[in-house]
Amino acid sequence: PAPAAKDAAPDTAMAAMIAAAGAESDRWLDLIDHGRYADSWVAAAAVLQEGIPEKQWTADLGARQPKVGRTIMRERKSESYSKTLRGAPTGDYVVVTYLTKFEKIPLAEESVAVAKNAIGQWRVAGYDIAISRAGTP
């Protein structure tokens, strides 16, 4: 019984990391939902900012919005922790996947990669959206 209690600590720490990353992901998506594209770029991790200039980021999201329409529903589908993320240095990453219903397109899957920065803050390092293969929730 004693080793089980000892093993619970890393699980608790992992759950706390995933919860913190998920909360940041939710907060960040809320910026996009409210048309605050520049704010979403400013709030993102350096790896995202280095990959796309703010002007292009805001233009891309601004062009996408009329095509997808407003967000009707979004629910977390999964969260997964990793030490690696394609195109980024080794670190702490959580990929949060959402099943999302937008006004003008079929059910979509949003993937948000969240990275822990040098001072321990979680910041969005990547964002992707694709039509879902899942059925309606």
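What you see is a predicted model, and the numbers here were worked out from it, not measured in a lab. (Residues numbered from 1 in each chain as written. Predicted model: local features only at pLDDT ≥ 70, side-chain atom pairs only at ≥ 80, totals over all residues. Heavy atoms only, no water.)

Chemist: How do you make sense of the pattern of salt bridges when you look at a structure like this?
Modeler: Pairing is possible between side chains of opposite charge, provided their charged atoms come close. Within the structure shown, the criterion is met by 10 salt bridges. Of the charged contacts in the structure, one is a salt bridge between arginine 76 and aspartate 26, with a shortest N-O distance of 2.5 Å. Note that arginine 76 is positioned in strand 1 (residues 71-82) and aspartate 26 in helix 1 (residues 2-33), a separation of 50 residues in sequence. For arginine 76, a relative accessible area of 33% gives the class partly exposed. For arginine 70, the salt bridge goes to glutamate 103, with nearest N and O atoms at 3.7 Å. Highlighted residues: arginine 70 in the loop between helix 4 (54-68) and strand 1 and glutamate 103 in the loop between strand 2 (93-102) and strand 3 (108-116), separated in sequence by 33 residues. It is possible to trace a salt-bridge network through shared partners that takes in Glu24, Arg27 and Arg123. (Salt bridge = Lys/Arg side-chain N within 4 Å of Asp/Glu carboxyl O. Helix = DSSP H or I, 4+ residues; strand = E, 2+ residues; numbered from the N terminus. Buried < 20%, exposed > 50% of the residue type's maximum accessible area, 1.4 Å probe, protein only.)

Chemist: When you look at the packing of aromatic side chains in this model, what are you seeing that I'm missing?
Modeler: The relative placement of two aromatic rings is captured by the distance of their centres and the angle of their planes. Applying the stated criterion across every chain, the model contains 2 aromatic pairs. Taking the centre distance of 5.9 Å and the plane angle of 45° together, the rings of tryptophan 28 and tryptophan 57 count as tilted. Of the two residues, tryptophan 28 sits in helix 1 while tryptophan 57 sits in helix 4, which places them 29 residues apart along the sequence. We classify tryptophan 28 as buried; its relative accessible area is 0%. Among the aromatic residues, those joined into a cluster by ring pairs are Trp28, Trp57 and Tyr127. One Lys or Arg, arginine 74, reaches over the ring of tyrosine 98 and ends 6.0 Å from the middle of that ring. (Phe/Tyr/Trp six-rings, centres within 6.5 Å; stacked < 30°, edge-to-face > 60°. Lys NZ or Arg CZ within 6 Å of the ring centre and 35° of its normal.)

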